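# Descriptive structure summary
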Amino acid sequence: MPGLRQPGGHREVVALTASVTLTNYDIGKRFTNRGASGAVTVTLPTPDAVNAGGEIVFGVVADQNFIVTTSDKLVLINDAAADSIAAQTSSEKIGAVFAVWSDGTSWFAENRSVGANTITTTT
């Protein structure tokens, strides 16, 4: 049945094949690029009190660039004002997994890849 959630914290998984702008309704979902034939760019909602504590997870299946952007609100190692995080290094895209979570003011990025996937950032 659509929308049915099993015990154990399972979340909705959405395959993106084109670029999209997410909203607060997408908090808690997991996104892949399964089936994409080109780059997919995801724009995060503005961090605010509504999405504080919320997390979004991204996983790369198709050998295409997968980019997550926001406007100077992404915090990662040694950078408190990054614009994007991406899986776009040749031969290191498939299997890349990263997550973002909001504190209401910024999005914090986590690299959850297992292995040698390179996650790149821009400021």
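A brief look at the structure comes next. (Residues numbered from 1 in each chain as written. Predicted model: local features only at pLDDT ≥ 70, side-chain atom pairs only at ≥ 80, totals over all residues. Heavy atoms only, no water.)

## Description of the overall build of the protein
Each helix and strand in the protein was counted, giving zero helices and 10 strands. Counting from the amino terminus, the protein carries its helices and strands in the arrangement β-β-β-β-β-β-β-β-β-β. Relative to its length of 123 residues, the protein is compact, with a C-alpha radius of gyration of 14 Å against a globular reference of 14 Å. Projecting the C-alpha coordinates of the protein onto the three principal axes gives extents of approximately 40 × 30 × 25 Å. For the protein, buried positions account for 38% of its 123 residues. The long-range fraction of contacts in the protein, counting pairs at least 24 apart against all pairs at least 6 apart in sequence, stands at 57%. Counting only carbon and sulfur atoms, one obtains 53% of the accessible surface of the protein, whose full area is about 6600 Å². (Helix = DSSP H or I, 4+ residues; strand = E, 2+ residues; numbered from the N terminus. Rg over C-alpha atoms; globule rule 2.2 N^0.38 Å. Buried < 20%, exposed > 50% of the residue type's maximum accessible area, 1.4 Å probe, protein only. Contact = heavy atoms within 4.5 Å. Areas by Shrake-Rupley, 256 points an atom, 1.4 Å probe, with all protein chains shown as cover.)

## Describing the side chain of serine 113
Among the structural elements, serine 113 can be located in the loop between strand 9 (107–111) and strand 10 (120–122). The class for serine 113 is buried, based on a relative accessible area of 17%. In this structure the side chain of serine 113 is engaged in a polar contact, spanning 3.0 Å, whose partner is the backbone nitrogen of valine 97. With near-sequence residues (within four places) excluded, serine 113 lies in contact with Gly95, Ala96, Val97 and Ile119. (Polar contact = N/O pair within 3.5 Å; in protein donor to acceptor, adjacent residues only side chain to side chain.)

## With respect to the packing of aromatic side chains
If you walk through the whole model with that rule in mind, you get five aromatic pairs. Note on phenylalanine 66 and phenylalanine 98: the rings are 6.3 Å apart at their centroids and 80° apart in plane angle, and the pair reads as edge-to-face. Of this pair, phenylalanine 66 sits in strand 6 (residues 66–76) while phenylalanine 98 sits in strand 8 (residues 97–102), and the two are 32 residues apart along the sequence. The two residues phenylalanine 66 and phenylalanine 98 agree in class, both being buried. (Phe/Tyr/Trp six-rings, centres within 6.5 Å; stacked < 30°, edge-to-face > 60°.)

## Looking at unusual backbone geometry
Phi at asparagine 78 is positive, roughly 60°, even though this residue is not glycine. If you trace the backbone, asparagine 78 turns up in the loop between strand 6 and strand 7 (79–87). Look at asparagine 78 and you get exposed, because its relative accessible area is 81%. The residue serine 91 is not glycine, and still its phi comes out positive at about 65°.

## Things to note about the nonpolar core
Membership of the largest hydrophobic core comes to 24 residues, with the highest contact counts inside it found for Phe58 and Phe66. For this core, the elements supplying multiple residues, two or more each, are strand 4 (40–43), strand 5 (55–59), strand 6, strand 7, strand 8 and strand 9. Residue contributions to this core peak at four residues, all from strand 6. Apart from the residues lying within four places of it in its own chain, the contact partners of phenylalanine 58 are Leu22, Phe31, Val42, Leu44, Phe66, Val68, Ala96, Val97, Phe98 and Val100. (Core = buried A, V, L, I, M, F, W, Y, C linked by side-chain atoms within 4.5 Å.)

## Details of the pattern of salt bridges
Per the stated rule, a full pass over the model turns up five salt bridges. Here lysine 29 makes a salt bridge to glutamate 12, at a shortest N to O gap of 3.9 Å. On the criterion of sequence distance, the pair formed by lysine 29 in the loop between strand 2 (20–21) and strand 3 (30–32) and glutamate 12 in the segment before strand 1 (13–15) is long-range, its members being 17 residues apart. The exposure class assigned to lysine 29 is buried, which follows from its relative accessible area of 17%. Overall, the relative accessible area of 34% leaves glutamate 12 in the partly exposed class. Glutamate 110 is the salt-bridge partner of arginine 112, the closest N and O atoms lying 2.9 Å from each other. With a relative accessible area of 34%, arginine 112 lands in the partly exposed category. Of the residues examined, glutamate 110 reaches a relative accessible area of 29% and is grouped as partly exposed. (Salt bridge = Lys/Arg side-chain N within 4 Å of Asp/Glu carboxyl O.)

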